Amino acid sequence: MLKVTNVHKSFGKNEILKGVNLNVNKGDVVVILGPSGSGKTTLLRTLDFLETADQGELDFDDVHTSLSHASKKTILSVRRKTGFVYQNYNLFANKTAIENVMEGLVTARKIPKDKSREIAEGALKKVGLLDRKDFYPSQLSGGQQQRVGIARAIAINPDVVLFDEPTSALDPELVGEVLSAIKELAREGTTMIVVTHEMSFAEEVATQVVFMEGGVVVEQGSPEDIFYRPKEERTRKFLERILNRVEYVI
């Protein structure tokens, strides 16, 4: 469904991605783990052309393109297939929850307002916020704002949803409600790529776990393989530091 090959990206002299490959099949929940600075978010942003890669190829259904020289038409085609959930919500402060969800449908998709409102209400209901549809972001908790962000991403009926550390900006007591919304999407078969530090979520929901460090994919496999039978020493050390877990099956 989605394949990226040999992705490189530098900011000045700082090489962030050093030849990353990734394959995602329909219905997959791919969770990308790794320490800060490993290139996880940059990889995610290159997939949606929020960052332009220096090198790399993208195959996405019927689209084949260079990640460094894609045309505006191709970029638009890819973005029509993807929903993006940001770390910091990125909601319009002067628009209500339902208006935030409708914005992309009306403006980018040119869907009539009545139909857009119907779609937006369905998306908000899916994340448990239909009763808050007329609230402004300032009237919502951080967790509720992020769920509006998820509703906005899924309202366009994307082929894949990209989550960039969706709980990192939340207070601990609000993390659960956002993860629950993402888990529900996973149960429905939504294809997702999720950058996160939430290890229990990754272990429970992922179909594939990718561990990145230093701009490369160190190891990838099933949650069972990565969390309990990691092959690479760098993966083991990361998990020991994060989970205090040493009972691997070797």
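Further up the page is the structure itself.
What you see is a predicted model; the values in this text were computed from it and never measured.

Rules of the game
- Residues numbered from 1 in each chain as written.
- Predicted model: local features only at pLDDT ≥ 70, side-chain atom pairs only at ≥ 80, totals over all residues.
- Heavy atoms only, no water.
- Helix = DSSP H or I, 4+ residues; strand = E, 2+ residues; numbered from the N terminus.
- Rg over C-alpha atoms; globule rule 2.2 N^0.38 Å.
- Buried < 20%, exposed > 50% of the residue type's maximum accessible area, 1.4 Å probe, protein only.
- Contact = heavy atoms within 4.5 Å.
- Areas by Shrake-Rupley, 256 points an atom, 1.4 Å probe, with all protein chains shown as cover.
- Lys, Arg positive; Asp, Glu negative; His and termini not counted.
- Charge placed at Lys NZ, Arg CZ, Asp CG, Glu CD.
- Pairing = 2+ DSSP bridges.
- Axes fitted to C-alpha atoms, helices over the stretch in contact; angles between N-to-C directions.
- Expected span 1.5 Å × (residues − 1).
- Arc of directions from axis to C-beta.

1. Description of the overall build of the chain
Logical step 1: Counting its regular elements, the chain contains nine helices and 10 strands.
Logical step 2: Over its C-alpha trace the chain gives a radius of gyration of 18 Å, about what one expects of a compact globule, namely 18 Å for 250 residues.
Logical step 3: Each principal axis of the C-alpha distribution contributes one length, and for the chain these read about 55 × 45 × 35 Å.
Logical step 4: The buried share among the 250 residues of the chain stands at 51%.
Logical step 5: Counting only contacts in the chain whose residues sit at least 6 apart along the sequence, the fraction spanning at least 24 positions is 61%.
Logical step 6: Within the structure as shown, the chain displays about 11,800 Å² of accessible surface, and the carbon and sulfur contribution to it stands at 46%.
Logical step 7: Side chains of the chain give 33 positive and 35 negative charges; the mean places of these two sets differ by 5 Å.

2. Points about unusual backbone geometry
Logical step 1: If you check the backbone angles, Asn90 has positive phi at about 55° while not being a glycine.
Logical step 2: Inspection of the secondary structure assignment puts Asn90 in the loop between strand 6 (82-85) and helix 3 (97-107).
Logical step 3: With a phi angle near 45°, Glu165 is a residue other than glycine that sits in the positive phi range.
Logical step 4: Examined against the element boundaries, Glu165 turns out to sit in the loop between strand 7 (160-164) and helix 6 (172-187).
Logical step 5: Residue Glu165 is classed as buried on the basis of its relative accessible area, which comes to 12%.

3. Focus: the sheet that holds strand 8 (residues 192-195)
Logical step 1: Across the sheet, six strands lie side by side as 6-7-8-3-9-10; this open sheet has mixed pairing. One side of each edge strand has no neighbouring strand; the edge strands of this open sheet are strand 6 and strand 10 (216-221). The mean inter-strand angle of the sheet, taken between neighbouring strand axes irrespective of direction, is 15°.
Logical step 2: Summarising the sheet, strand 3 (residues 29-33) and strand 8 pair through four bridges and their orientation is parallel. Considered in strand 8, the bridge of Ile32 is made with Val195.

4. Notes on helix 4 (residues 113-126)
Because the α-helix completes a turn every 3.6 residues, residues three or four places apart line up on one side.
Logical step 1: An ideal rise of 1.5 Å per residue puts 20 Å on 14 residues; helix 4 measures up with 20 Å between its terminal C-alpha atoms.
Logical step 2: Turning to helix 4, its buried residues number three or more, namely Ser116, Ala120, Ala123 and Leu124. Considered in projection along helix 4, the buried side chains sweep an arc of 95° and stay on one side of the axis. Within helix 4, the exposed residues directed more than 90 degrees away from the buried face are Asp114, Glu118 and Lys125.
Logical step 3: Those residues of helix 4 hidden inside the fold are in contact with helix 3 and helix 5 (142-155).
Logical step 4: Phi turns positive one or two residues past the end of helix 4, at Gly128, with a value near 75°.

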